Structures are given as structure tokens and as C-alpha cells.
Amino acid sequence: MLIAVDGPAASGKGTIARALAAHFHLPHMDTGMLYRAVALNLWRWGGDLGSEFEALRACDVAAVDPDDPEIRSEPISSIASRVSAYPSVRAALLDRQRQFAQQPGGAVLDGRDIGTVVAPAADAKLFVMASAEVRAQRRVRELLERGLPAHYEDVLTDIRARDERDMGREVAPLSQADDAILLDTTDLTADEAIVEAIRLVEARLAATAT
Ligand code: CDP
């Protein structure tokens, strides 16, 4: 069973995708981590963010360390959003995502273009969203909990800028697939969003099984 979870920054898609993976006993890939790893690599090596060629060279990342304290920082989020607009960077990361999606038994992937590009044939697709203000509040809390600096106004500005870049880019922009189910988490706690996501996916699977 293949489940695609897409949505903008801090919409709750990561939490939901992890919970769906645990519920259905499936492996999970946070595809944003791949773009973050490329961003971190480029930044550490002092590469030019404005050069698609240098960003592509930064795709040569053997392993992603999700526990690297910097990988979730705001500067890296912003660089990830910039490098992810380069078509060659997206192409370089596509194979890894498709291979993960096609493994026997299925998988859950979350990102921006899973339902539209990486796994268009997914059995269930969720598009998770929430207001920019609520997403900024969540991200500030998450960053502070991780011991990283965070100021609400800056985070809100960054989230809006990333939304615009992610939705406006030419290749694989953030958009809801025609057959994706919309889940608005603005007024939901994380636990409520998880319960609703499981219900929606189960309903979709039951509907397509008949
Ligand atoms: O956790 P958050 O939603 O803030 O970000 P993320 O999912 O880790 O993704 C970081 C950046 O990578 C996003 O702003 C996107 O520009 C990019 N990304 C993408 O273009 N396509 C994906 N499938 C996943 C992430």
C-alpha cells in the first residue's frame, strides 16, 4: 500500500505521515530531508546558492543525518526551498524517492510533489494544510523545543516566502493532486489530525477496494 502526504511547511504532514506509517506498519520517507541534506551540504561547503550547477553538485550526499541539529534550522529550510526549485536538483533526487515508493509492501512518503510526481499512482493521497499563522506558531514551538532560535515574525515571513516559491516554481510545484483528500489542520491538535488522517485513508482504501 502506497500513501502520499503533501502539504506546505509546518502543516503537520510529517507528524501525520509518521503516524500513518506506524498505523499501517509501513516504512516512511520524509522527502524534505533530502532537499535539506542538499541545502546543508551546499551551505557547509560554501557553494553558491544562485548556481544550479553547484546546487546539483551538492546532491552528492551519501547519507542524510536527520539528527544533525542544523538540518531543521530556518536558514537551511530557506536554502532547501531555493535549491528545490532547480529542475536538475529535483531530477537527481527523484530516483531515490521512486525506489522507496516502489518497494514491495508499500510505503508512506511525505513532501510537496509525492501525489503529483513521485507517486501519482498512490493508493491514498492526503493534502495537509493549515493557515500560515498557525503553521508559524507550530514551527516556532518546534524550533524552540529543539534548542534552535526562532522569532514568530521571522518564521511567518519565511513560511510565506517558502509557500510562494514552492507553489510558484515551474517544476513539480506544491499543488493538490486531483485525487488527493484535503485535510485542514488549522483547528486540530496533532492527535486529532492523526485520527482524522487515519479515518480518511481507511475510507479511501475501502472505497477503492469495492
Ligand atoms: O518541514 P517543512 O515542511 O518545513 O519542510 P520540508 O518538508 O522538510 O521541506 C523543505 C523544503 O524542501 C521545502 O520548502 C520545499 O521547497 C522542498 N521540498 C520539495 O520541493 N519537494 C519535496 N518533496 C519535499 C520538500
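Heads up: the structure comes first, above all this text.
Each chain carries its own residue numbering, running from 1 in the written order of its sequence. The predicted origin of the model limits local features to residues at a pLDDT of at least 70 and limits the giving and counting of side-chain atom pairs to 80 or more, whereas totals for whole chains, interfaces and linings rest on all residues. Side-chain numbers here rest on the full set of heavy atoms in the structure, without hydrogens or water.

Peer 1: Looking at this model, I keep getting lost on the nonpolar core. Mind explaining?
Peer 2: Among buried residues, those of type Ala, Val, Leu, Ile, Met, Phe, Trp, Tyr and Cys that are joined through side-chain atoms within 4.5 Å constitute a nonpolar core. Relative accessibility thresholds used throughout: buried, under 20% of the residue-type maximum; exposed, over 50%; partly exposed, between the two (1.4 Å probe, protein chains only). With 32 residues, the main nonpolar core has L2, V38, V83, V89 and L109 as its most contacted residues. Runs of E in the DSSP output that reach at least two residues are strands. Runs of H or I that reach at least four are helices, and both are numbered from the N terminus. Residue assignment for this core shows that the elements contributing at least two residues are β1 (2–6), α2 (32–44), α4 (74–83), α5 (87–101), β3 (107–111) and α6 (114–118). Per element, the largest residue contribution to this core is eight residues, and it comes from α2. Counting 21 residues, the second-largest nonpolar core is a separate cluster that includes L183, A193, I194 and I198.

Peer 1: Would you mind showing me how to read unusual backbone geometry here?
Peer 2: For residues besides glycine, phi is generally negative; the peptide bonds are generally trans as well. In this model, H25 sits at a positive phi of 55 degrees, which is unusual for a non-glycine residue. Among the residues examined, H25 registers a relative accessible area of 71% and is labelled exposed. Backbone geometry places A172, a non-glycine residue, at a positive phi of 45 degrees. By secondary structure assignment, the location of A172 is in the loop between α8 (152–168) and β5 (181–184). With a relative accessible area of 13%, A172 lands in the buried category.

Peer 1: Explain the pairing of strand β4 (residues 124–129) here, please?
Peer 2: Along any regular strand the residues' side chains alternate between the sheet's two faces. Counting buried positions along β4 gives five out of six residues, so the element sits mostly inside the fold. Two strands pair under a simple rule: DSSP has to find at least two bridges between them. With four bridges connecting them, β1 and β4 associate as parallel partners. If you follow V5 over to β4, its bridge partner there is L126.

Peer 1: Mind showing me how you'd approach the environment of E52 here?
Peer 2: Positionally, E52 belongs in helix α3 (residues 52–57). E52 sits 30 residues away from R82 along the chain, and the two C-alpha atoms are 10.0 Å apart. Side chain to side chain, E52 and S88 meet in a polar contact 2.7 Å long. Here a polar contact is taken to be a pair of N or O atoms separated by no more than 3.5 Å, where protein atoms must pair a possible hydrogen donor with a possible acceptor and residues adjacent in sequence count only if both atoms sit in side chains.

Peer 1: Would you mind showing me how to read the side chain of Q97 here?
Peer 2: Note on placement: Q97 falls in helix α5. Between two residues, a contact is recorded if the distance between any of their heavy atoms is within 4.5 Å. Residues in contact with Q97, not counting those within four places in the same chain, are M29, T31, L34, Y35, L109, I114 and V118.

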